[in-house]
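# Structure at a glance
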Amino acid sequence: MTSFPDMIRRDALKLAAGLGLSFSLPAMDSRAANSRGAERPKSLILLWMAGGPSQLETWDPHPGTKIGGDTQAIATSQRGLQISSLYPRMAEQMRHLNVIRSLVSEEGDHERGTYLLKTGYRPDVKLTHPSMGAVLAHELPTSKLEIPDHISLGSSPAPGRGGYLGDQFDAFKVYDPGRSLPNLRARVRDERQQRRLAALDVLSQTFASRRPQVSSRTLHQHTTKQALTMMQSEQLSAFSIEDEPEAVRDAYGDSQFGRGCLVARRLVEQGVRAIEVNLDGFDSHANNHEIHESRASELDPAFAALVNDLVERDLLDSTLVLCIGEFGRTPKINPLAGRDHWPTGFSCVLGGGGLGSGVVIGATDPTGKKKDPTDPVSVADLFATVFQTLGLDPAEEFLTPIGRPMAISSGTPLERLQKA
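Bear in mind that the values here come from a model prediction, so they are computed numbers and not experimental data. (Residues numbered from 1 in each chain as written. Predicted model: local features only at pLDDT ≥ 70, side-chain atom pairs only at ≥ 80, totals over all residues. Heavy atoms only, no water.)

### Quick word on the overall build of the protein chain
Summing up its helical and strand segments, the protein chain has 12 helices and 15 strands in all. Here the C-alpha atoms of the protein chain give a radius of gyration of 22 Å, agreeing with the 22 Å that 2.2 N^0.38 yields for 420 residues. Seen through its C-alpha atoms, the protein chain measures out along the principal axes to roughly 70 × 50 × 45 Å. Residues classed as buried in the protein chain amount to 56% of the 420 residues present. Expressed as a percentage of contacts within the protein chain between residues at least 6 apart in sequence, the contacts between residues at least 24 apart total 73%. If you sum the accessible surface of the protein chain, you get close to 18400 Å²; carbon and sulfur atoms cover 50% of it. Distance between charge centres in the protein chain, computed from 46 positive and 51 negative side chains, equals 4 Å. (Helix = DSSP H or I, 4+ residues; strand = E, 2+ residues; numbered from the N terminus. Rg over C-alpha atoms; globule rule 2.2 N^0.38 Å. Buried < 20%, exposed > 50% of the residue type's maximum accessible area, 1.4 Å probe, protein only. Contact = heavy atoms within 4.5 Å. Areas by Shrake-Rupley, 256 points an atom, 1.4 Å probe, with all protein chains shown as cover. Lys, Arg positive; Asp, Glu negative; His and termini not counted. Charge placed at Lys NZ, Arg CZ, Asp CG, Glu CD.)

### Quick word on the pairing of strand 5 (residues 150-153)
Here strand 5 shows a buried face lined by His-150 and Ser-152 and a second buried face lined by Ile-151 and Leu-153. Of the pairings in the sheet, the one linking strand 5 to strand 6 (residues 172-174) comprises 3 bridges and is parallel in character. The partner of Leu-153 across the bridge, within strand 6, is Val-174. (Pairing = 2+ DSSP bridges.)

### A word on the side chain of Ser-233
With respect to the secondary-structure elements, Ser-233 resides in the loop between helix 8 (220-231) and helix 9 (246-252). Here Ser-233 falls in the buried class, since its relative accessible area comes to 6%. Within the structure, Ser-233 has its side chain in polar contact with the side chain of Glu-146 (distance 2.6 Å). (Polar contact = N/O pair within 3.5 Å; in protein donor to acceptor, adjacent residues only side chain to side chain.)

### Focus on the environment of Lys-144
Within the secondary structure, Lys-144 sits in the loop between helix 5 (132-139) and strand 5. Relative accessible area serves as the criterion here: at 64%, Lys-144 is assigned to the exposed category. In this structure the C-alpha to C-alpha distance between Lys-144 and Gly-271, which are 127 residues apart in sequence, comes to 9.5 Å.

### Section: the confidence of the model for the protein chain
For the protein chain, per-residue confidence averages 89 on the pLDDT scale, and residues scoring 70 or more make up 91% of the total. For residues 1-27, every residue scores under 50 in pLDDT, and the model assigns this stretch 73 contacts once sequence neighbours within four places are set aside. (pLDDT = per-residue confidence, 0-100.)

### Description of the state of the cysteines
Per the stated rule, a full pass over the model turns up 0 disulfides. Its sulfur unpaired, Cys-323 is 8.4 Å from the next cysteine sulfur, which belongs to Cys-348. (Disulfide = S-S within 2.5 Å.)

### Let's talk about empty space enclosed by the protein
For the structure shown, the criterion picks out 5 cavities of 30 Å³ or more. Size it by volume and the largest cavity reaches roughly 90 Å³. Lining the largest cavity are 16 residues, with Pro-331, Trp-342, Thr-364, Asp-365 and Lys-370 positioned closest to its centre. Taken as a whole, the second largest cavity spans an internal volume of roughly 70 Å³. Every residue lining the second largest cavity is listed: Pro-53, Ser-54, Gln-55, Thr-58, Trp-59, Cys-323, Ile-324, Gly-325, Phe-327, Gly-328, Phe-346 and Ser-347. Elements supplying a minimum of two residues to the lining of the second largest cavity: strand 8 (319-325) and strand 11 (344-351). (1 Å grid on protein atoms, 1.4 Å probe; cavity = no way out; pocket = protein on both sides within 12 Å on 5 of 7 lines; lining within 4 Å. Points joined across faces, edges and corners; volume = space filled by probe spheres on them.)

### Let's talk about the packing of aromatic side chains
Under the counting rule described, the total for this entry stands at 5 aromatic pairs. Pairing Trp-59 with Tyr-87 gives two aromatic rings, centres 4.9 Å apart and planes at 45°, and the pair type is tilted. Of this pair, Trp-59 sits in the loop between strand 1 (43-49) and strand 2 (73-75) while Tyr-87 sits in the loop between strand 3 (82-84) and helix 3 (88-93), placing them 28 residues apart in sequence. Exposure remark for Trp-59: the relative accessible area of 4% places this residue in the buried category. With 6.2 Å between their ring centres and 85° between their planes, Trp-59 and Phe-303 make a pair best called edge-to-face. Placement of Trp-59 in the loop between strand 1 and strand 2 and of Phe-303 in helix 11 (residues 288-312) is noted, with a sequence separation of 244 residues between them. Judged by its relative accessible area of 0%, Phe-303 is buried. Through a chain of ring-to-ring contacts, the aromatic side chains of Trp-59, Tyr-87 and Phe-303 assemble into a single cluster. Lys-118 extends its terminal NZ or CZ atom over the ring of Trp-48, reaching a point 4.8 Å from the ring centre. (Phe/Tyr/Trp six-rings, centres within 6.5 Å; stacked < 30°, edge-to-face > 60°. Lys NZ or Arg CZ within 6 Å of the ring centre and 35° of its normal.)

### As for the pattern of salt bridges
Taken as a whole and judged by the stated rule, the model has 22 salt bridges. Measuring nitrogen to oxygen at the nearest pair gives 2.8 Å for the salt bridge that ties Glu-107 to Arg-112. Glu-107 gets classed as buried once you look at its relative accessible area, which sits at 4%. Between Glu-191 and Arg-195 there is a salt bridge, with its nearest N and O atoms 3.6 Å apart. Within this pair, Glu-191 and its partner Arg-195 are both found in helix 6 (residues 190-210), separated by 4 residues, close to a single helical turn. (Salt bridge = Lys/Arg side-chain N within 4 Å of Asp/Glu carboxyl O.)

Okay, here's the thing in structure tokens:
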């Protein structure tokens with residue numbers, strides 16, 4: 001629960017970037033990592049759809065109506081549930097998952113909406129809230145993990161942040177997952193590397209003796225130690241997909257997002273607590289259908305392969321998967337064949353981690369005339385559900401650096417999504 005001035009935080013991040021990682025946390029021991037089913041410690045995979053995906057072109061289509069556009073609907077493996085025909089592979093996996101079609105948000109701006117959907121709280125100029133993954137990394141530490149416990153895969157303008165919990169809970173960022181990680185192999189021979197480290201140690205100790213408070217705040221020595229541990233760890237192999245069978249890699253798709261989902265599964269197997277995989281490009285103010293058709297070509301195979309993999313490896317009961325963006329899109333199609341921002345009545349898909357399956361919550365008006373959905377679900381309630389499912393008490397309070405009590409979530413868990 002430490003706060004750092006901006007300048008100090010930037011210095012720490014620069015140091016971490018130079019070493020090729022941000023921070024490491026204790027995590028799951030090997031025995032726990034090898035367990036399966038409900039006995040396994042839980043993880044979260046957040047599939048983040050940046051730009052605001054249209055509910056009508058994903059999980060809540062209304063074909064044949066004025067608002068439905070060109071999108072058709074297909075039946076799924078979940079009785080009575082139809083989704084967009086752009087997602088045939090996900091249609092096969094929906095029996096394992098749940099759909100909320102009535103999410104409501106107070107934020108219709110990209111930046112503010114992203115903040116709310118990443119943290120569960122609206123932006124506050126006096127406070128930076130931690131992301132969902134940062135809270136999990138803070139509250140559910142385990143042991144013996146030598147790689148970070150909160151990881152963001154793929155390019156994202158807003159990866160998960162530690163907020164008032166501290167920069168050490170920021171997500172470790174991997175911009176091109178499935179490729180070799182930069183700056184994690186020494187560029188000089190071991191003997192020279194050891195001389196360099198010895199010299200660095202002298203400088204660090206001298207700095208720490210003269211400015212102990214600043215040294216502590218920058219996390220300099222902590223970060224260096226964790227970086228060196230990671231550089232020598234066999235657990236780095238979790239970031240590589242080269243040893244995966246070609247058929248598995250093909251199933252996920254050779255896209256940044258597809259490789260990211262495959263790496264996410266491997267990181268869960270390693271014991272990483274929170275992973276987010278980013279897919280951008282959903283901002284469809286013009287040519288909405290074509291944009292969503294393009295995005296679905298990456299999301300559909302990767303999401304379906306991930307769910308199928310987790311089921312086959314008996315990991316779904318311990319891994320909560322949430323697919324969501326910052327808001328939805330308007331029922332009305334604008335003159336540019338696009339849809340605009342719509343924070344009322346948008347959709348998400350979630351399942352696993354001990355949740356039940358086959359539940360559909362809420363409905364939107366097929367005519368588009370009614371703004372509010374039936375059975376609305378707040379973002380806070382969604383967050384409370386995720387935290388409770390992963391073993392946290394949403395009402396538990398943190399103390400911010402200025403002593404302000406803040407609940408993990410201000411919402412109420414959706415009991416309908418829990419297993420009967």
